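In case you want the letters, here they are:
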Amino acid sequence: MLWQAFKKVRKNKGSAGVDRVSIQDFESDLNNNLYKLWNRLASGSYFPPMVKEVIIPKGRGKTRSLGIPTVGDRICQQVIKDIIEPRLEKEFSDQSYGYRPLISAHQALENVRDNTRKFAWIIDLDISKFFDNMAHSKLMLALDKHIEENWIKVYIKRWLEVSKLKTTGEIQEPLGKGTPQGGVISPLLANLYLHYTLDKWMELHFPDIPLVRYADDIIIHCRTESQAKFVLSKVQSRLQKCNLSANSEKTKIVYCKDYRRKETGKLVQFDFLGFSFKPCLRKSSKGGVFLGRECTVSKSNYSSMVKEIRDLKFHCRTEITIEDIANLLNPKIRGWIQYFEKFSKGSLKNVFHRLHNRLAKWILNKYKRFRRSRRKAFDYLRKIRKHYPYLFYHWQVGYALV
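Predicted model, so just to flag it, every value in this text is computed and none were measured.

Asker: Sorry, what's going on with the packing of helix α7 (residues 136-146) against helix α9 (residues 186-205) here?
Answerer: When two helices pack together, their arrangement is given by the angle between the helix axes and the distance between those axes. Their axes nearest at 10 Å, the elements α7 and α9 cross at an angle of 90°. Our classification of the angle between α7 and α9 gives roughly perpendicular. Across the interface between the two elements, Lys 138, Leu 139, Ala 142, Leu 143, Lys 145 and His 146 from α7 touch Leu 189, Leu 192, Tyr 193 and Tyr 196 from α9. Classifying every residue of the contact of α7 with α9 by side-chain character gives seven nonpolar, one polar and two charged.

Asker: I keep staring at the sheet that holds strand β11 (residues 289-297) and nothing clicks. Help me out?
Answerer: Note: strands within a sheet are paired through backbone hydrogen bonds, in either parallel or antiparallel orientation. One open sheet accounts for three strands, arranged β9-β10-β11; its pairing is antiparallel. Looking at which strands have only one partner, the edges of the open sheet turn out to be β9 (270-272) and β11. The average undirected angle you get between the axes of adjacent strands in this sheet is 45°. Strand direction decides the pairing type here: β9 and strand β10 (residues 275-283), joined by three bridges, are antiparallel.

Asker: Mind showing me how you'd approach the environment of Asn 115 here?
Answerer: Counting through the fold element by element, Asn 115 comes out in helix α5 (residues 105-118). Taking the C-alpha atoms as reference points, Asn 115 and Val 212, 97 residues apart in sequence, are found 9.5 Å from one another. For Asn 115, the residues in contact, after removing those within four places along its chain, are Pro 210, Val 212 and His 221. Within the local environment of Asn 115, its side chain forms a polar contact with the side chain of His 221, the two groups lying 3.4 Å apart.

Asker: What am I meant to see in α7 here?
Answerer: Because an α-helix packs 3.6 residues into every turn, residues spaced three or four apart end up facing the same way. Among the residues of α7, His 136, Leu 139, Met 140, Ala 142, Leu 143 and His 146 are the ones counted as buried. Taken end-on, α7 shows its buried residues confined to a sector of 160°, consistent with a single buried face. Along α7, the residues that are exposed and aim more than 90 degrees away from the buried face are Ser 137, Leu 141 and Lys 145. Buried residues belonging to α7 abut α4 (71-89), α8 (150-160) and α9.

Parameters at a glance
- Residues numbered from 1 in each chain as written.
- Predicted model: local features only at pLDDT ≥ 70, side-chain atom pairs only at ≥ 80, totals over all residues.
- Heavy atoms only, no water.
- Axes fitted to C-alpha atoms, helices over the stretch in contact; angles between N-to-C directions.
- Helix = DSSP H or I, 4+ residues; strand = E, 2+ residues; numbered from the N terminus.
- Parallel < 35°, antiparallel > 145°, perpendicular 65-115°, else oblique.
- Contact = heavy atoms within 4.5 Å.
- Nonpolar A, V, L, I, M, F, W, Y, C, P; charged D, E, K, R; others polar.
- Pairing = 2+ DSSP bridges.
- Polar contact = N/O pair within 3.5 Å; in protein donor to acceptor, adjacent residues only side chain to side chain.
- Buried < 20%, exposed > 50% of the residue type's maximum accessible area, 1.4 Å probe, protein only.
- Arc of directions from axis to C-beta.

By themselves, these observations are geometric and do not establish any function.
Structure, rendered in structure tokens:
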């Protein structure tokens with residue numbers, strides 16, 4: 001089991017923890033390292049080391065704090081996850097999509113898109129600092145219901161109570177709540193907590209109201225504005241009973257306006273999993289246009305992709321070739337297209353327009369014969385695309401230069 005867990009951890013990659021041992025370092029003495037973990041796990045003497053805080057950008061100038069376990073600790077967490085995940089999967093709701101095997105974000109998005117055609121209102125629910133506020137006592141009660149082995153619950157309790165080494169050098173204790181974002185087992189525990197906090201509770205009290213949840217990103221569909229306000233007040237009360245709260249700034253009620261829905265003066269757009277759902281004009285098969293709804297890349301994610309291109313600063317690197325730039329960018333481009341073009345072909349046109357501008361800058365810096373002429377640089381880039389249509393991934397799928 002440890003060997004299988006190690007292969008999964010290695011596949012997921014990730015950085016070193018507080019011990020500064022990378023996956024490659026761990027693998028250099030693999031047999032001995034796995035034996036030590038097995039010996040401690042099997043004897044009950046395994047105590048997880050503290051997690052290392054890593055700060056990542058969250059968007060809009062905000063950041064998120066992750067707690068990165070050591071490689072050995074991630075392997076141990078993976079072992080326990082492999083044991084309990086099949087049991088918990090049998091209990092989870094069909095409306096829960098996040099961090100579950102063989103279930104994708106696209107399925108959640110498709111469900112939301114279909115529901116907005118049937119339901120005129122949605123509650124865009126944001127839970128304030130969910131991973132920091134999840135009550136350990138309530139989570140252990142949920143585990144007691146499904147896990148018989150005491151040794152598994154002992155280790156989970158130890159992982160919940162592990163300290164965090166902050167970037168400032170301070171040591172932060174969990175104080176009976178929270179689970180480190182970045183741990184292997186954390187998403188599974190979070191799903192279990194929200195299963196009883198919301199999924200099961202909604203099935204019992206509002207069985208006719210669809211809920212779509214991807215981890216702690218939640219959309220609740222309602223028929224009327226008054227129903228949405230009533231359900232939101234009940235959900236807020238439920239969250240408080242479970243030691244959680246709705247983020248008042250981000251939680252909102254949205255009107256899914258289209259050609260059938262005539263109310264005005266309402267908020268009509270919301271974001272979910274990187275996509276924006278908003279009204280737009282569409283061509284009718286009978287001629288003319290009608291007001292439909294669009295599911296396309298959100299403004300914040302568009303800005304994030306453009307920032308990634310800008311931050312690479314490849315236009316300043318005259319020593320590299322265009323093949324080097326393609327090798328650098330293609331994994332990103334492939335991921336963007338496969339995720340964001342699921343529902344709207346051509347939605348990344350503006351992103352790639354910005355990319356082509358950067359490529360033109362690189363050409364101007366590298367080849368002095370163009371004499372700072374952007375037109376000549378773009379002509380040269382068009383010539384490259386004509387002769388090497390498979391060089392960049394977005395060229396392969398039909399994106400042309402504007």
